[in-house]
Amino acid sequence: MIEYNSTKTNSNNALQQQAVEVLRTVLDREDRWTKVHAAEFLLATDVYIRHVQRVFEKELLTQEDEPKYRIGIWRVLAQAAPDLKTRQKWISRICEAFMDVQGADRIHAAET
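Cut-offs applied
Residues numbered from 1 in each chain as written. Predicted model: local features only at pLDDT ≥ 70, side-chain atom pairs only at ≥ 80, totals over all residues. Heavy atoms only, no water. Helix = DSSP H or I, 4+ residues; strand = E, 2+ residues; numbered from the N terminus. Rg over C-alpha atoms; globule rule 2.2 N^0.38 Å. Buried < 20%, exposed > 50% of the residue type's maximum accessible area, 1.4 Å probe, protein only. Contact = heavy atoms within 4.5 Å. Areas by Shrake-Rupley, 256 points an atom, 1.4 Å probe, with all protein chains shown as cover. Lys, Arg positive; Asp, Glu negative; His and termini not counted. Charge placed at Lys NZ, Arg CZ, Asp CG, Glu CD. Salt bridge = Lys/Arg side-chain N within 4 Å of Asp/Glu carboxyl O. Axes fitted to C-alpha atoms, helices over the stretch in contact; angles between N-to-C directions. Parallel < 35°, antiparallel > 145°, perpendicular 65-115°, else oblique. Left-handed = near helix turned anticlockwise from the far one by under 90°. Nonpolar A, V, L, I, M, F, W, Y, C, P; charged D, E, K, R; others polar. Core = buried A, V, L, I, M, F, W, Y, C linked by side-chain atoms within 4.5 Å.

A. Main features of the overall build of the protein. The helix and strand tally for the protein stands at six helices and zero strands. Secondary structure elements of the protein occur, N-terminal to C-terminal, as α-α-α-α-α-α. The C-alpha radius of gyration computed for the protein amounts to 17 Å, which surpasses the reference 13 Å derived for 112 residues by more than 25%, pointing to a less compact arrangement than a globule. In terms of its C-alpha atoms, the protein occupies a principal-axis envelope of roughly 60 × 30 × 25 Å. Considering the protein as a whole, with its 112 residues, one finds that 31% of them fall into the buried category. Long-range pairs, those at least 24 residues apart, make up 48% of the contacts in the protein between residues at least 6 apart in sequence. Put simply, the protein shows about 7700 Å² of open surface, and 53% of that area lies on carbon and sulfur atoms. Here the protein contributes 16 positive and 17 negative side-chain charges, whose respective centroids are spaced 2 Å apart.

B. Spatial organisation of the side chain of Lys35. Following the sequence through the fold, Lys35 ends up in helix 2 (residues 32-45). For the buried Lys35, no salt bridge is present, and the opposite-charge side chain at shortest range is Glu59, 4.3 Å distant. Those residues in contact with Lys35 that lie beyond four places of it in its chain are Leu27, Asp28, Glu30, Val55, Phe56, Glu59 and Tyr69.

C. Just the packing of helix 2 against helix 3 (residues 49-63), in detail. Between helix 2 and helix 3, the least distance of the axes is 10 Å, while the angle of their chain directions is 155 degrees. With respect to helix 3, the element helix 2 is oriented roughly antiparallel. Crossing handedness for the pair helix 2 and helix 3: left-handed. Taking contact as the criterion, the partners of Arg32, Lys35, Val36, Ala39, Leu42 and Leu43 in helix 2 are, on helix 3, Ile49, Val52, Val55, Phe56, Glu59 and Gln63. Looking at the contact of helix 2 with helix 3, its residues break down into eight nonpolar, one polar and three charged.

D. Spatial organisation of the nonpolar core. In this structure, Leu27, Val52, Phe56, Ile73, Trp74 and Val76 are the most contacted members of the largest nonpolar core, which totals 23 residues. Those elements giving two or more residues to this core turn out to be helix 1 (6-29), helix 2, helix 3, helix 4 (69-80) and helix 5 (84-99). Val76 has contacts with Val36, Ala39, Glu40, Leu43, Val52 and Phe56, leaving out every residue within four places of it along the chain.

This is the structure we're talking about:
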């Protein structure tokens with residue numbers, strides 16, 4: 001017989017919800033790579049995909065010309081993409097950055 005510990009499950013759920021709220025705050029208030037990493041964790045929850053996508057569409061408008069960080073923006077947008085065609089668009093941009101051996105984004109594209 002498997003024992004079910006509802007107290008432990010409830011505390012795990014509460015802890016998980018608290019962690020998600022911290023990540024949402026980080027996503028909305030922090031910048032650059034901290035924002036990217038928070039977004040990736042939130043995307044893994046499959047709950048805040050549209051919110052992450054909206055935040056990074058705004059980042060794209062204001063930060064796309066920033067070398068290195070734009071790879072993080074494209075990476076998040078690829079993961080948050082609503083369909084395969086859109087996802088492939090962002091992956092292609094990352095691949096192009098990687099193929100540019102003199103490009104400022106190459107190392108970040110390789111990591112991605």
